[in-house]
Amino acid sequence: MRASSPCLLLLSGAVLALSAAASTTTDTIPILKAPEAFHEQLVLKPLNDGSVYSHFQFTTHIGTMMDDDHFDGAASNLFKHYNLFPRSIGQILHSFEVEELHLTFTQGRWQYSDWGYPLAPSAGTGVELWAWLNDDKRQTDEHWKGLTNTLSGLFCASLNFIDETITTEPKLSFRNEGLYNTHSVPPTHNNNNSTIPRRLRYGSLPHENVCTENLTPWIKLLPCKSKAGIASLLKSHKLFDTRFYSMAVHVRSVCEDEKCRIRSLELVQTITAVFDVARHDGSFDWSLSGLFEREITQSCPLASTSKVIVNLPQTADIENQYSLVPHPPQGIHSEGSGDKKQDIAVYDLQKVLPETTTPFQLALHWEGSRPKSARAITPGIVAHRYFTGFGQERGGLAIEIRNNNSQDIEAVYLDTLPWYLKLYLHTFNIQLNGKSLDNQRDLVQKMFYQPAVDRSRPAVLEMALRLPANSLVKFTVSFDKVFLKYTEHRPDANRGFDVGYAVITAQLPREQGQIGYGGLDHLRIYQEREAGLVQGRRSGNREEEEKEGETDKMRVYTDTLLVSLPTPDFSMPYNVITMTCTVISLFFGSVFNLMMRNFEVVKPAPKKSGKGKEKAEKTE
Amino acid sequence: MGFLSRLSKAQRQQIFGRFVLSWMPTLSYIMVAVSFFWLLALPHQDYSKRTYVSENALLPGSANVQFNWNDNLAAEAYRDTVQRIASLPSIERAQALELQFAAIGLKSATQNYTLNTSTESFHGVNTYAVFYAPRSDGTEAIVLSASWLSRDKTTNTNAIAMLLALGKTFKRGSHFSKDIIFVVSDGDAEGLQAWLKAYHGNEEHTYERHEEPLRVRSGAIQAALNLDFAGTGDYNALGIFFEGVNGQLPNLDMINTINLISMGIAPVELTLHDELVPYTDNMTKNYLNSLRKMLYQMKYQAVGTPTGNHGLYLKYKIDAITLYGIDRPGWHSHRFNLFRVGALLESAVRSLNNLLEHLHQSFFFYLLSDVRRYTSIGLYMPPVIILGVSFIFQALSLWGLSSDLPLELESIVEGDTTIPVALPYSRRSRNFKVASTTMGMAVVTGAATFFLLTTEFGLVGESPMLKLVASVGVCSMLVLSAVSAAHVRTRIIKSGSTVQKARATHNDTKGSSGSSSSSSNSDNTHNVADQELTPAADWIMLKTLILALSALIVTTLSALNFSLAVSIGVLIVLPYMAFRPSRWTVVSIIEALILLAISPPGLMMVASWWYVKDPSEVLSWVLREYEILGTWLLPTACFVYWPLNLAAVIMVLLPVS
């Protein structure tokens, strides 16, 4: 009985879609088939330090049912009817003419050197929002403002604080991720002649806390909510007690076939959490019910695919150190070879669950509860950014980027600094492996710098870098700290101001120990329509794959920072002292005046001295 | 209209001038007495208040402590490990410790440093580890540090074991909002200093200082606890050390937090420094105990030396204290072991973890007479200001003596009234050249001694003591030349102006009779104005200058380093105010000798006689503190204190008139 009503809903949806298709066939526009679909996946991977990485991915598609010549983006009649696609998102996209939307809430820090790279593309602490907006009517800024405010209401977050003092428009980073845009398709492709001007808006809030009130609206966007399917594991008690938690909503347009004749709008919702299973007893063993304290009793009936994927640990030297229970019914796939070999176990919940009456169980046991040997992880690029100096007057910023690859890497560095840090670009210095570099051209190939304007826009430093193989590049730059007006301080004035992360975008060769196999867009990995999950994806994008070689586009986020500006003493004694001093000075002034002032009439000239003297006597 | 306004301006000036001349010297001595009594009254119970936690976010001791018996066993196991590796060379034990931290699951690393001062060379390896608080954004951090060497000069075994055990305990929790950094520093203070410099991106790569950049970092450090638990045994009490470099103090809430925890969740006996004082009802004994504790604090503040490694943090605006385990067998209080220490530290870290903002409550200036009593700045500042004002009064009266401007009136007849007006000029010329030249030379000499003491010349047999002897030589040359030049000059002036002088005395008598009769004779008025008095003696001008500068220095220093200002003020106030050249040479020489005794070399001798019996040790200690920690003692002594002292010595040896 429980499953019947969603089924009915799905059926009615299909009927509606069919009728919609039927009605439009009468028009001259050729209609291609693009069904609505929902996919759910859970990727699990044990990490070297005993943590377990879990990545939930829910993908919803809505077909545009149009071909190249007639596609007009988000403004089309796409958003007239909703079955699986959440209406709240659709309306936002429609009313603010959003081409592409990426919103990520993150808590905790991603430890690149321990965990490699995450599957989710954004990992910067706090909230990150970026969107490509239709600039047809030159209303981008209004739309951006509307978008931030609406999302703020939708997700119960302070997104409305992303105002013009924070918003930037990166020139090199955060390119379109949709498949048929200029970024992903070669320029010769006929899709590229799109004349619609688009503009990028990017903003982040580094000190935004993420909690249940953000998760609940996020779950509401799912077709099955958290009632059935993989999403039923989402228990906020456990999710927010993790070392890293990230929750994202990505909307973009994608191609449905190889020639990109059919397109659809794709909504990808991800949750990434890193559980510290070894925290209590030091044991690396874990089970699904232990991690989430919930169970999957059925897959989401609306989902086209519903899968749990385990990236098995990459052990070195000693084989069979662990056992996965139950063993995957289809056996274990292997990806890559040699050091890069990655074993993958896939559980298709739609097949596994109906066979038994018990909930889906999954556990991994280590022999002796701990791995005897693990393959070390060397992420290709690790970045570290920190403030130098002390005191409240001036400071410096240092960025260290380590390239562990044995080849040169092209990377883009993006840094947004608030206006109250006055950067001095002439102090910009580059060190390569500890030595100061005179010729910066080899390393910094392009540099965009937008100077800050007080109280209206941040400073943006964007650089296209060529990082030499196996090198440590260090940038330093000095700044002055601005003395703010006293009303501009926050209520917790002495905490300081948070400065957001820097982002490094790089095309990285596929490395061992890396979670998942992203390729151009990580998000499309596990969403193949065909059953052969991982292989299918590779064959589908074979051309692209071969062209790119074994590389992944990665974004590396640095930690957020705290800067303490000159702060007035807002304390009680300060107020008392100012008050008292004012009163005393007023009192003293008048009393002193009365005591010491002598009122006299100035004698004009010796001749009229007699008159003057009389007046003087009168006044006395 | 006020009372004073009834008088004419000139009359008011005259009254004021008379007051200055007759009362101010007395008044200034009275003020000195008041100041001294006030300072002595400060330790008294009635002048101090009970401490209280001002920062509400701290909530000391309110969190349940997780440190359990298993952690205690772990700490004891770590103690054995630390004991085993303690005797290894620096690099090996640092690496062994790094592995220990890594095994807990913390990111750990080591840092090499080298420091070459003019006399010594230091090399060591620090170990540090960061506990990344889960769920936090890593913008803030708390530091727990321990040095390999305790202040007892034994191995800081328990403290390092405690750091490891705490790392293990913290790893279990997910309630930390700040990262926790564990630092085990090598050497005395230079190790932690190298680490702090590198943490703030100020590492140097010169021959004198070489600090390896850090590989693991966290956010802005909000507070730090430095542990000093020497040996492997139990302790009777917990001592708190808080004095930092150049007399900087941490926020009092740091001490208050430990105080509350030590009374509640982890009961231990708490005291200031390493002195244990039995409880007494006796008023006098209480007073003396308080006085001793206060003097201890003021002594360290005045010389600018930190009482522990916590002192290094304060420069970076990080509040820090040292917790020291006092092992005093036979003391009556209950002994406590690592279990108690662990609970106390965890509770303290939890409390600091609660901080929403950097500690900022107005609790940075205080004198502690007991661990639970403090004297606030409002009470201790006045005596030193009074002292400064007494200098000014003395200088003013001397300045008045050197002139007759406000005293002498001439009368102008206008119609039927006589209006007294002041002379528009002084009849006694003030020769400021000698005084300012002497003072200028003294400052230059002071700078020269500083240069001599801190520069390495590369000569054979070069030692700090030799340099000091050279400095004293330079100084005595200045004194000798200045004094002899002055005497010779007076002789020449005397012999050259005998005739003029005779005429001047004649005029003087006539002039004085004229002004005293206050007749309105215009001839007489002219006489008053015309007559020239003998110029003020050079020593008066010099003494005025010395006193004015002393006032400036004492009051300015009082805001920067109260204890140093008080020490200097108390030391110099009476000699500088009372001493003057005497007609009897013996008196002048005695005065000069007393001034020599309070000169920097003299004080150094006194200190060496009191502490170590070896002057060169004191000198090299001062030099080392300056070179390693950058304390102000040497610069203050050379640029400020010694020049004034030299000028004073010259002053008392100058000719009387």
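Position labels on residues start from 1 in each chain and follow its written sequence. The naming scheme follows written order: chains are lettered A onward, ligands numbered 1 onward. Only residues with pLDDT of at least 70 are given local features in this predicted model, and only at 80 or more are side-chain atom pairs given and counted; all residues enter the totals for whole chains, interfaces and linings. Heavy atoms throughout the structure, all of them, feed into the side-chain values; hydrogens and water do not.

Taking an unreviewed UniProt entry as the reference, chain B is identified by name as Glycosyl phosphatidyl inositol protein transamidase complex subunit belonging to Linnemannia hyalina.

Chain A carries the name GPI transamidase component PIG-T in an unreviewed UniProt entry, which gives Linnemannia hyalina as its organism.

Student: Pulling in residues and values, what's your account of the overall build of chain B?
Tutor: Check the secondary structure of chain B and you find 19 helices and 14 strands. Residue burial in chain B is summarised as follows: out of 657 residues, 54% are buried. Note on contacts: a residue pair qualifies if any of its non-hydrogen atoms lie within 4.5 Å across the two residues. Within chain B, counting contacts between residues at least 6 apart in sequence, those at least 24 apart form 79% of the total. Strands here mean DSSP runs of E at least two residues long; helices mean DSSP runs of H or I at least four residues long; both are numbered from the N terminus. Relative accessibility decides the category of a residue: with a 1.4 Å probe and only protein chains considered, values under 20% of the type maximum give buried, values over 50% give exposed, and everything between is partly exposed.

Student: Please provide a residue-by-residue account of the overall build of chain A, values included.
Tutor: Along chain A, the regular secondary structure elements total 12 helices and 25 strands. Residues classed as buried in chain A amount to 53% of the 620 residues present. Taking the intrachain contacts of chain A between residues at least 6 apart in sequence as the baseline, contacts between residues at least 24 apart amount to 78%. All accessibility values rest on the Shrake-Rupley procedure with a 1.4 Å probe; residue burial counts only the protein chains present in the view. Of the roughly 27800 Å² that chain A leaves accessible, carbon and sulfur atoms contribute 55%.

Student: Any chance you could break down the packing of aromatic side chains for me, citing the residues and the numbers?
Tutor: All names here are of chain B. Only rings of Phe, Tyr and Trp enter the pairing, Trp through its six-membered ring, and a pair is recorded when the two centres are within 6.5 Å. The plane angle decides the type: under 30 degrees is stacked, over 60 is edge-to-face, the rest tilted. This structure, assessed with the given rule, holds 43 aromatic pairs over all chains. An angle of 75° between the planes, with centres 5.8 Å apart, marks the rings of F241 and Y324 as edge-to-face. With F241 in strand β8 (residues 237-241) and Y324 in strand β10 (residues 319-326), this pair connects stretches of sequence that are 83 residues apart. As far as the burial class goes, F241 and Y324 line up, both buried. On the basis of an interplanar angle of 40° and a centroid distance of 6.1 Å, the ring pair of F242 and Y366 is categorised as tilted. In this pair, F242 sits in the loop between β8 and α6 (252-263) while Y366 sits in strand β11 (residues 366-370), placing the two residues 124 residues apart along the sequence. Since its relative accessible area comes to 0%, F242 is described here as buried. Overall, the relative accessible area of 1% leaves Y366 in the buried class. The rule is short: NZ of Lys or CZ of Arg within 6 Å of the ring centre and within 35 degrees of the ring normal puts a charge over the ring. Positioned above the aromatic ring of Y296, the side-chain terminus of K299 is 5.2 Å from the ring centre.

Student: Tell me about a positive patch on the surface, and name the residues and values.
Tutor: Taken together, the side chains of R491(B), K494(B), R580(B) and R583(B) present a region of like positive charge at the surface. With respect to the helices, strands and loops of the structure, R583(B) is situated in the loop between α15 (562-578) and α16 (585-597). Patch membership requires over 30% relative accessible area and the absence of a salt bridge. Like charges are linked within 9 Å, and nonpolar side chains (Val, Leu, Ile, Met, Phe, Trp, Tyr) within 5 Å. Whenever a carboxyl oxygen of Asp or Glu lies within 4 Å of a side-chain nitrogen of Lys or Arg, that contact is scored as a salt bridge. For the purpose of charge, His is not counted, nor are the chain termini; Lys and Arg are scored as positive and Asp and Glu as negative. Charge coordinates come from a single atom per side chain, which is NZ of Lys, CZ of Arg, CG of Asp or CD of Glu.

Student: Can you break down the state of the cysteines residue by residue, with the values?
Tutor: In what follows, a disulfide is any cysteine sulfur pair within 2.5 Å. As enumerated under the stated definition, the model contains one disulfide over all chains in all. Across the disulfide, C224(A) is cross-linked to C300(A) (sulfur-sulfur distance 1.7 Å). Its S-S torsion of approximately 65° makes the covalent link between C224(A) and C300(A) right-handed. Of the two residues, C224(A) is situated in the loop between α5 (212-220) and α6 (236-239) and C300(A) in the loop between α7 (288-292) and β9 (305-311); the sequence distance between them amounts to 76 residues. Of the two residues examined, C224(A) and C300(A), each falls in the buried class. The thiol of C638(B) is unpaired, and the distance to the nearest cysteine sulfur, on C475(B), comes to 8.5 Å. By relative accessible area, which is 2% here, C638(B) ends up buried.

Student: Any details on the pattern of salt bridges? Residues and values, ideally.
Tutor: Under the defined criterion, the tally for this structure stands at 30 salt bridges over all chains. Put simply, R109(A) and D179(B) hold a salt bridge, and the shortest N to O gap is 2.7 Å. Taken together, the residues span two chains, with R109(A) in the loop between β3 (98-108) and α3 (112-115) and D179(B) in strand β5 (residues 179-185). The residues R109(A) and D179(B) share a single accessibility class, namely buried. Across the pair R335(B) and D327(B) runs a salt bridge, and its minimum N-O distance is 3.1 Å. Note on R335(B): relative accessible area 42%, which makes it partly exposed. By sharing partners, the salt bridges in this structure join D141(A), E169(A), R199(A) and R201(A) into a single network.

Student: Talk me through the sheet that holds strand β4 (residues 140-147) of chain B; I want residue IDs and the actual numbers.
Tutor: Sheet strands line up and pair through hydrogen bonds in the backbone, either parallel or antiparallel. Residues and elements named next belong to chain B. When DSSP locates at least two bridges between a pair of strands, those strands are taken to pair. Read from one edge of the open sheet, nine strands run β6-β2-β3-β5-β4-β7-β10-β8-β9, paired in mixed fashion. With one partner strand each, in any of the chains shown, β6 (209-211) and β9 (269-272) form the two edges of the open sheet. Direction aside, neighbouring strands of the sheet carry axes that sit 20° apart on average. One ladder, built from 10 bridges, connects strand β2 (residues 107-116) with strand β3 (residues 121-131); its direction is antiparallel. What sits directly across from K107, in β3, is V130. Contacts from α6 reach β7 (220-228), β8, β9 and β10, with the element oriented near 40° to β10. Axis definition: a line fit to C-alpha positions, over the contact stretch in the case of helices; interaxial angles, taken between N-to-C directions, run 0 to 180 degrees. Against the sheet, helix α8 (residues 338-353) engages β4, β5, β7, β8 and β10, with an angle of about 165° to β7.

Student: How would you explain the environment of K235(A) if you had to name every residue and give the values?
Tutor: All names here are of chain A. Take K235: it is sitting in the loop between α5 and α6. The exposure class of K235 is partly exposed, given its relative accessible area of 21%. Taking the C-alpha atoms as reference, K235 lies 9.9 Å from L291; in sequence the two are 56 residues apart. Setting aside residues up to four positions removed in sequence, K235 forms contacts with F292, E293 and R294.

Student: Hey, could you go over the confidence of the model for chain A for me, with residue numbers and the actual values?
Tutor: All names here are of chain A. Averaged over every residue, the pLDDT of chain A is 78; the share at 70 or more is 76%. In this model residues 180-193 is a low-confidence stretch, pLDDT under 50, and it forms 27 contacts with partners more than four residues away in sequence or in other chains. Note: pLDDT gives the predictor's confidence per residue, expressed from 0 to 100. Taken as a whole, residues 608-620 scores under 50 in pLDDT and shows four contacts with residues more than four places along the chain or in a different chain.

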